[in-house]
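The chain contents come next:
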Amino acid sequence: MIHCAVWVIFADQFIEMTISYKWLSQYLPVQLEPQELSEILTSLGLEVEHMALQETVKGGLQGLLIGKVIHCETHPNADKLSLTKVDVGQQDLLSIVCGAPNVAAGQTVVVAPVGCVIHPLKGDAFEIRKAKIRGEESQGMICAEDEIGLGESHDGILILPDHLQAGTEARAYFQIPEPDYIYEIGLTPNRMDAMSHLGVARDVCAYLSHHRQQSFEAIIPNVEIATDNTNAADISVEIQDTTRCARYSGLLIKNIQVGESSEWLKQQLKSIGLRPINQIVDITNFVLHECGQPLHAFDFDKIRGGKIQVKTLAHDTSFVALDGQTIQLSNEDLMICDSEGGMCIAGVYGGLHSGVQTNTQNIFLESAWFQPESIRKTSMRHQLRTDAATRFEKGADINQVIYALKRAAGMILEMAGGEISGGFIDVYPHPRPTPEVQISYSQIHHLSGKKYSEQTILQILKSLRFEILHTDSEGIRVGVPSFKSDISLPADIVEEIMRVDGLDQIAFPGKLSYTMPDPEHAFRSNIKRQVSALLVAKGFYEMFTNSITNAAYYPERNDLVKMMNSLSANLDVMRPSMLETGLESMAYNFNRRNQHLKFFEFGKVYTRQDEKFQETEMLALFVSASVQLPHWSLSVRQADIYYLRGLIEALFPQLVFVFEEMNSGLSILYRNQPIGQILQVSPERLKQMDVKQEVWYAELNWTTLKKALEQTKVVFQDIPKFPVVWRDLSLVVDKKVAYADIQKAVRQAKSKLLREVNLFDIFESEKLGKDKISYALNFSFYDQQKTLTDAEIESEMSVLLKSLQEKVGASMRN
């Protein structure tokens, strides 16, 4: 299979969100099957791109039993094997041949009976079957820890404590947790409200409430904790930039003990791919993925001056980040500072000297709301793409700041001990009013295509936590919940109603409305479609590659259009050429053994001159190996520069191109203006792109070409009434003379009867003379008024030969 479309145009179009089925189920009032939940999520617009079973131990030790070795003796036909009788709690003892050197009577072991499927640490799972080993029957297997996925040792069988009873399920003794299911959800950037397990649970409950016609509420964990508000806290907070930081809350917890997290917490984090570190870091990560609010913990004893200041610092201030790298700050980067300098890039990345360590005893826990635009710019400016930044830049819930702080504080007190010093600090100088949206029922009907009852509309909006401020016979006015930062227009309300109801619930209206396109636009589009169809008919595949590419491809160019907020270090400029992104697709296919490739692409290239930007639409052609797939009935023709030249002439027969030789190929001219080029991709470029075979490339300025095609008038003529006359001519010229020069000389003769000229042979020999080459040309002549005579044709041939002699120094070959 040929692979053509290799990139998504905008990599930031979707956000991957990992959701644990077991974790999510904790917040749902009813138990849903994993597949049913997956379908509900997709129906809600939270598209499940992948659902996978996750097990802490592969296979979950299913079918394995605890056994007692009752008898053990050496195998009569093999010194390194043992014959054993094992009690697994059944009526009869199992006869098992065992090869472990440490097996002995009286041991308690793990047994895989016949029919059990075991999952080794390495290799594929396999089923235990009754077998004869060196003439002795074996009814199972006594297992080593690597054979059942519990460890890496294969030194001998796993020996368990003697108190265990034969027949006990191994999964019960080892306390193997139930398997989980992991959903990979593709979120659109506006769905910040669904970037947490609680956010997803809210949506699921809204769906259930509507479709099951009863009220369902997400189970929100209780976060009430006792604080001493009578004593002043040992720390104060000052927000100097209230635009970039609208709310800042914190809590001081003293006398904690930093250590490992509880097993359940570590398991929760591992289920979504996070590595447990210590209770403090793990709890902040847990709360982030539970409710969507990023938190940060500072070592309180490292906060100088006992004061937090939220502000920007001078341009080019140095800051040592958590990973030890020094960052030169912009004067637009919001910082969390103490009295002597920056401690943390607000909402993006922590500092090396203020974070929690194993010896930390007192922490200051931060929960805040930062301006999305500011966080996005800082994150992209320094290429710091963190979970916290991703959530802040999409619009965190400003009303959830205190809840998340209390949730984390309660968990810290439970796992790490300590006590709260003072009360909650909450600096919120300008509380935000609830956004309101007014919409009429007729608008809902018009935009959705479905006539919802007033009761259904109200029920869905209430289940989504919208506040119904006013309702009448015409419509409703609602207060938008603070966690839905993307809701601002009536159309947004309609979208919320439709996704809960289900887009598949919109009935087909019974008719299709069609709007006639603009004729001029239709004609322009038709040209592109016609060219695409011709290329496909000639065996080409169309591809779509990313217009954002890697600046490292163009080290010598100074006209690049650079991305101010690049998505990654490898996608930081707009492409100035179609070549490199196309070669990426070629390399992708070559690596999958697709060797004979013909690709084309319509796309845009971008350049900068001074402060002006230029955008040009191009047509790119790529060919490699043979121009048709190998077949017994066809002779193989390898791709070359002449194939692409002929292809271009065949695609646009109404246009007269001039092909001039250049160092690496041909330059294409139209009316004396450059319009494209054909070249063999250089070995250096192929090596850079990891391409290991020759590639021929042509590019045409589609913007200019399209104008030429639109301006070209198609003239229809009668089928020739008089015969066409052909004459052949063999010329000898210097090798330095290009065939394009010969064509040019023929055109300059301005023959009115010449219809076309074709090259049908090239001959080289020492007999022609030093550095000479022979071209054999075929000329066709035609007169619309009469049959041409030999004298008229010879006269035309004389004019052509004279022009060739004068322009390129040609002579007739004897």
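Residues numbered from 1 in each chain as written. Predicted model: local features only at pLDDT ≥ 70, side-chain atom pairs only at ≥ 80, totals over all residues. Heavy atoms only, no water.

1. Thoughts on the overall build of the protein chain
Here is step 1: Looking only at helices and strands, one finds 19 helices and 41 strands in the protein chain.
Here is step 2: Since a compact globule built from 814 residues should have a radius of gyration of about 28 Å, the 38 Å found for the protein chain marks it as more spread out than a globular shape.
Here is step 3: In terms of overall dimensions, the protein chain has a C-alpha envelope of 115 × 85 × 65 Å along the principal axes.
Here is step 4: Long-range pairs, those at least 24 residues apart, make up 70% of the contacts in the protein chain between residues at least 6 apart in sequence.
Here is step 5: Of the roughly 42,000 Å² of accessible surface on the protein chain, 49% is carried by carbon and sulfur atoms.
Here is step 6: Here the protein chain contributes 79 positive and 102 negative side-chain charges, whose respective centroids are spaced 8 Å apart. (Helix = DSSP H or I, 4+ residues; strand = E, 2+ residues; numbered from the N terminus. Rg over C-alpha atoms; globule rule 2.2 N^0.38 Å. Contact = heavy atoms within 4.5 Å. Areas by Shrake-Rupley, 256 points an atom, 1.4 Å probe, with all protein chains shown as cover. Lys, Arg positive; Asp, Glu negative; His and termini not counted. Charge placed at Lys NZ, Arg CZ, Asp CG, Glu CD.)

2. Comments concerning empty space enclosed by the protein
Space left empty within the atom packing is revealed by a probe, the size of a water molecule, rolled over the atoms.
Here is step 1: Using the criterion set out here, one finds four cavities of 30 Å³ or more in the structure.
Here is step 2: A volume near 90 Å³ is recorded for the largest cavity.
Here is step 3: Of the residues contributing to the lining of the largest cavity, the split by class is four nonpolar, five polar and three charged. (1 Å grid on protein atoms, 1.4 Å probe; cavity = no way out; pocket = protein on both sides within 12 Å on 5 of 7 lines; lining within 4 Å. Points joined across faces, edges and corners; volume = space filled by probe spheres on them. Nonpolar A, V, L, I, M, F, W, Y, C, P; charged D, E, K, R; others polar.)

3. Observations concerning the side chain of His 210
Here is step 1: Residue placement: His 210 occurs in helix 4 (residues 197-211).
Here is step 2: Assessed through its relative accessible area of 9%, His 210 is described here as buried.
Here is step 3: His 210 has contacts with Thr 456, Gln 459, Ile 460, Val 500 and Asp 501, leaving out every residue within four places of it along the chain. (Buried < 20%, exposed > 50% of the residue type's maximum accessible area, 1.4 Å probe, protein only.)

4. Comments concerning the sheet that holds strand 25 (residues 436-440)
Here is step 1: In spatial order, the strands read 25-27-26; together these three strands make up an open sheet with antiparallel pairing. For this open sheet the edge positions go to strand 25 and strand 26 (467-471), each flanked by a neighbour on one side alone. The sheet shows a mean angle of 25 degrees between the axes of neighbouring strands, direction not considered.
Here is step 2: The pairing of strand 26 with strand 27 (residues 475-479) spans four bridges and is classified as antiparallel. Across the sheet, Glu 467 pairs through a bridge with Gly 479, a residue of strand 27.
Here is step 3: Seen against the sheet, helix 10 (residues 441-448) touches strand 25, strand 26 and strand 27 and runs at an angle of roughly 80 degrees to strand 25. (Pairing = 2+ DSSP bridges. Axes fitted to C-alpha atoms, helices over the stretch in contact; angles between N-to-C directions.)

5. A word on the layout of surface pockets
Here is step 1: Estimated volume of the largest pocket: approximately 1,500 Å³.
Here is step 2: Along the walls of the largest pocket sit 38 residues, with Val 656, Gln 743, Arg 755, Glu 756 and Val 757 positioned nearest its centre.
Here is step 3: Sorting elements by how many residues they give to the lining of the largest pocket places strand 39 (residues 754-763) first, with seven residues.
Here is step 4: In the lining of the largest pocket, the residues fall into 22 nonpolar, seven polar and nine charged.
Here is step 5: Its boundaries defined by the atoms lining it, the second largest pocket holds a volume of some 730 Å³.
Here is step 6: Lining the second largest pocket are 32 residues, and of these Val 281, Asn 285, Leu 295, His 296 and Leu 322 lie nearest its centre.
Here is step 7: Where the lining of the second largest pocket is concerned, the elements lending two or more residues are helix 6 (279-291), strand 16 (295-299), strand 21 (342-345), strand 22 (349-350), strand 23 (363-370) and helix 8 (387-394).
Here is step 8: When residues of the lining of the second largest pocket are assigned to their parent elements, the largest contribution, five residues, is made by helix 6.
Here is step 9: Split into classes, the residues belonging to the lining of the second largest pocket amount to 18 nonpolar, eleven polar and three charged.

6. A short note on helix 7 (residues 372-381)
Here is step 1: Pro 372, Ser 374, Ile 375, Thr 378, Ser 379 and Met 380 are the residues of helix 7 that are buried.
Here is step 2: Structurally, helix 7 contributes buried residues whose contacts are with strand 20 (334-337), strand 21, strand 23 and helix 8.
Here is step 3: A positive backbone phi angle near 55 degrees is found at Gln 383, which sits one or two residues after helix 7.

7. Points about the side chain of Gln 693
Here is step 1: Counting through the fold element by element, Gln 693 comes out in the loop between helix 16 (683-688) and strand 37 (696-701).
Here is step 2: In terms of polar contacts, Gln 693 uses its side chain to reach the backbone carbonyl oxygen of Gln 595, at 2.9 Å.
Here is step 3: A distance of 2.7 Å separates polar atoms of two side chains, one belonging to Gln 693 and the other to Ser 624. (Polar contact = N/O pair within 3.5 Å; in protein donor to acceptor, adjacent residues only side chain to side chain.)

8. Focus: unusual backbone geometry
Here is step 1: Not every positive phi belongs to a glycine, and Arg 465 is a case in point at roughly 75 degrees.
Here is step 2: For Arg 465, the location among the structural elements is in the loop between helix 11 (454-463) and strand 26.
Here is step 3: For Arg 465, a relative accessible area of 35% puts it in the partly exposed group.

9. As for the pattern of salt bridges
Here is step 1: Summed over all chains, the structure comprises 39 salt bridges.
Here is step 2: With a shortest N-O distance of 2.9 Å, Asp 193 and Arg 191 are connected by a salt bridge. Taken as a pair, Asp 193 and Arg 191 share a single burial class, namely buried.
Here is step 3: Classification of Asp 193 as buried rests on a relative accessible area of 4%.
Here is step 4: The network of salt bridges with shared partners includes Arg 191, Asp 193, Asp 203, Lys 484, Glu 496 and Arg 499. (Salt bridge = Lys/Arg side-chain N within 4 Å of Asp/Glu carboxyl O.)

10. Topic: the packing of helix 6 against helix 9 (residues 401-416)
Here is step 1: Between helix 6 and helix 9, the shortest axis-to-axis distance is 10 Å and the interhelical angle comes to 145 degrees. Here the hand of the crossing between helix 6 and helix 9 comes out right-handed. Here helix 6 contributes Gln 279, Ile 280, Ile 283, Phe 286, Val 287, Glu 290 and Cys 291 to the contact with helix 9, which in turn contributes Tyr 403, Ala 404, Arg 407, Ala 408, Met 411, Ile 412, Met 415 and Ala 416.
Here is step 2: In terms of residue class, the contact of helix 6 with helix 9 is made up of twelve nonpolar, one polar and two charged. (Left-handed = near helix turned anticlockwise from the far one by under 90°.)

11. Here's the deal with the pairing of strand 4 (residues 78-87)
Here is step 1: Pairing of strand 3 (residues 65-75) with strand 4 involves seven bridges; the strand directions are antiparallel. Each bridged residue has a counterpart across the sheet, and for Glu 73 the counterpart in strand 4 is Leu 83.
Here is step 2: Taking the residues that link successive antiparallel strands as the turn, the strand 3-strand 4 hairpin has two residues.
Here is step 3: Taken together, strand 4 and the strand that follows it, strand 5 (residues 94-98), pair antiparallel across an intervening segment of six residues, in which Gly 89 is found at a positive phi of about 80 degrees.

12. Observations concerning helix 4
Here is step 1: With 15 residues, helix 4 ought to run about 21 Å at 1.5 Å a step, and its terminal C-alpha atoms sit 21 Å apart, in line with that.
Here is step 2: Two to three positions downstream of the cap, the backbone nitrogen of Gly 199 sits 3.0 Å from a side-chain oxygen, assigning the N-cap of helix 4 to Ser 196.
Here is step 3: Once helix 4 finishes, Gln 213 follows within two positions and takes phi at roughly 55 degrees, a positive value. (Expected span 1.5 Å × (residues − 1).)

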